Amino acid sequence: MKQKIELGKYQELIVTKKTDFGVYLNTPTGEENEKILLPKAQVPQGTQLKDVINVFVYKDSEDRPIATTLEPDITLGGVARLYVNQVTSIGAFLEWGLSKDLFLPFKEQLYPVKEGDAVLVTLYLDKSERLCASMHVYDALRNDSDYQKDDQVSGRVYEISENFGVFVAVDDMFSALIPQKEVFETYRINQPVHARVAQVLEDGRLTLSVKKKIPEQMNEDAVFIYQCLEDANGFLPFHDKSAPEAIKNRFHMSKNAFKRAIGHLLKDGKITIASDGIRKL
């Protein structure tokens, strides 16, 4: 079976020709016209014909396939956080460890990036067989982490959906979601997130919660609500029959969490619950 030289990947290729400006490399079954250049400055000392060299393959400024022994920050299908070096009329260009910057088209941006931004991207081949970056990383993130339920994790927001919730790249590589029902604040793209693993799904993706385990969270919620009562002169027009959205907007917690917290305060003799709200004792 014929082997092809593949863009965006590391490959072990054979030296088929030596010149004053470098060596030409190819696969064992490649045609003569498929060979690619490894520039002289990157050829390992003492390299001979038929030697095997591990290289990364991309396209140079003239859109020709070329080999390099330099190590880029991202490979085809991978994910990495790269810095924006320049924004032009056709898109942005990212630093990725090679002399030619990586192109990030406008259509692949989740928001308008600016010079100096660090953006999470994946590497793909466009219709013209050019290596490009995309901020649509959902399908490229991994789902094989070692994290377990209740582990604490850190990541950054990379996408926000009104239907599903807040998508987070844990460690900039693993797929995770804060479900919409767990979203109690306004998030922004690239915002750091420190959360607890609420569930590891069957496919390995992580479901996150910014809330702590119920007993610990209930105590914190109770303290917060009691402080709100004190700030409101001892009365709040909320109770266990209040609308979930009203509770979420006022206290940044779910109705169930609110009911647990005021139940805890009631049991401790700190409040009374009436038809018009809760009162401090």
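Report on the accompanying structure. (Residues numbered from 1 in each chain as written. Predicted model: local features only at pLDDT ≥ 70, side-chain atom pairs only at ≥ 80, totals over all residues. Heavy atoms only, no water.)

1. Focus on the nonpolar core
Then step 1. Leu25, Leu94 and Trp96 are the most contacted members of the largest nonpolar core, which totals 31 residues.
Then step 2. A per-element tally of this core places strand S4 (residues 52-59) first, with five residues.
Then step 3. With 17 residues, the next largest nonpolar core counts Leu229, Leu236, Met253 and Ala261 among its residues. (Core = buried A, V, L, I, M, F, W, Y, C linked by side-chain atoms within 4.5 Å. Buried < 20%, exposed > 50% of the residue type's maximum accessible area, 1.4 Å probe, protein only. Helix = DSSP H or I, 4+ residues; strand = E, 2+ residues; numbered from the N terminus.)

2. Structural notes on the packing of aromatic side chains
Then step 1. All told, the structure shown has 11 aromatic pairs when counted by the stated rule.
Then step 2. Judged by centre distance (5.9 Å) and plane angle (80 degrees), the ring pair of Phe56 and Trp96 falls under edge-to-face. In this pair, Phe56 sits in strand S4 while Trp96 sits in the loop between strand S7 (91-94) and strand S8 (102-105), placing the two residues 40 residues apart along the sequence.
Then step 3. We classify Phe56 as buried; its relative accessible area is 0%.
Then step 4. On the basis of relative accessibility, which here comes to 3%, the residue Trp96 falls in the buried class.
Then step 5. Ring geometry for Tyr138 and Phe167: centres 5.7 Å apart, planes at 85 degrees, overall edge-to-face. In this pair, Tyr138 is assigned in the loop between strand S10 (131-134) and strand S11 (152-161) and Phe167 in strand S12 (residues 165-170), connecting sequence segments 29 residues apart. (Phe/Tyr/Trp six-rings, centres within 6.5 Å; stacked < 30°, edge-to-face > 60°.)

3. Re the pairing of strand S9 (residues 118-125)
Then step 1. The buried fraction of S9 amounts to six of the eight residues, a majority that puts the element mostly inside the structure.
Then step 2. Here five bridges tie strand S6 (residues 79-87) to S9, and the two strands are oriented antiparallel to one another. Across the sheet, Arg81 pairs through a bridge with Leu120, a residue of S9. (Pairing = 2+ DSSP bridges.)

4. Some points on unusual backbone geometry
Then step 1. Positioned with a positive phi, Glu129 is a non-glycine residue whose angle comes to about 60 degrees.
Then step 2. With respect to the secondary-structure elements, Glu129 resides in the loop between S9 and S10.
Then step 3. One non-glycine residue, Asp150, lies in positive phi territory at about 80 degrees.
Then step 4. Structurally, Asp150 can be placed in the loop between S10 and S11.

5. Considering the sheet that holds strand S14 (residues 192-200)
Then step 1. Spatial strand order, S11-S12-S13-S15-S14: five strands in a closed barrel with mixed pairing. Neighbour-to-neighbour, the strand axes of this sheet turn through a mean angle of 50 degrees, independent of strand direction.
Then step 2. Bridge count for S12 against strand S13 (residues 174-179) is six bridges, and the pairing is antiparallel. Paired with Val170 across the two strands is Phe174, which belongs to S13. (Axes fitted to C-alpha atoms, helices over the stretch in contact; angles between N-to-C directions.)

6. Here we look at helix H2 (residues 244-251)
One full turn of an α-helix is made of 3.6 residues, so residues set three or four places apart face in the same direction.
Then step 1. Taken together, the buried positions of H2 are occupied by Ile247, Lys248 and Phe251. Seen end-on, H2 carries its buried residues on one side only, within an arc spanning 100 degrees.
Then step 2. Once H2 finishes, His252 follows within two positions and takes phi at roughly 55 degrees, a positive value. (Arc of directions from axis to C-beta.)

7. Some remarks on the pairing of strand S2 (residues 22-26)
Then step 1. Taken across its five residues, S2 has five buried, putting it largely inside the fold.
Then step 2. Note that strand S1 (residues 10-19) and S2 share five bridges and pair antiparallel. Looking across to S2, one finds that Lys17 is bridged to Tyr24.
Then step 3. As consecutive antiparallel partners, S1 and S2 are separated by two residues.
Then step 4. Across four bridges, the pairing between S2 and strand S3 (residues 36-39) is antiparallel. Within S3, the position partnered with Gly22 by the bridge is Pro39.

8. With respect to the sheet that holds strand S18 (residues 277-280)
Then step 1. Read from one edge of the open sheet, three strands run S16-S18-S17, paired in antiparallel fashion. The open sheet has two free edges, formed respectively by strand S16 (235-236) and strand S17 (271-274), since each of these has just one partner strand.
Then step 2. Against the sheet, helix H3 (residues 255-267) touches S17 and S18, its axis set at about 125 degrees to S17. (Contact = heavy atoms within 4.5 Å.)

9. Overview of the pattern of salt bridges
Then step 1. For the structure shown, the criterion picks out 14 salt bridges.
Then step 2. A salt bridge links Asp117 to Lys114; the shortest N-O distance between them is 3.4 Å.
Then step 3. What makes Asp117 buried here is its relative accessible area of 14%.
Then step 4. A relative accessible area of 55% means that Lys114 is categorised as exposed.
Then step 5. For the salt bridge of Asp150 with Lys149, the shortest nitrogen-to-oxygen distance reads 3.8 Å.
Then step 6. We classify Asp150 as partly exposed; its relative accessible area is 26%.
Then step 7. Shared partners join several salt bridges into a network, and the residues in it are Asp60, Glu62 and Arg64. (Salt bridge = Lys/Arg side-chain N within 4 Å of Asp/Glu carboxyl O.)

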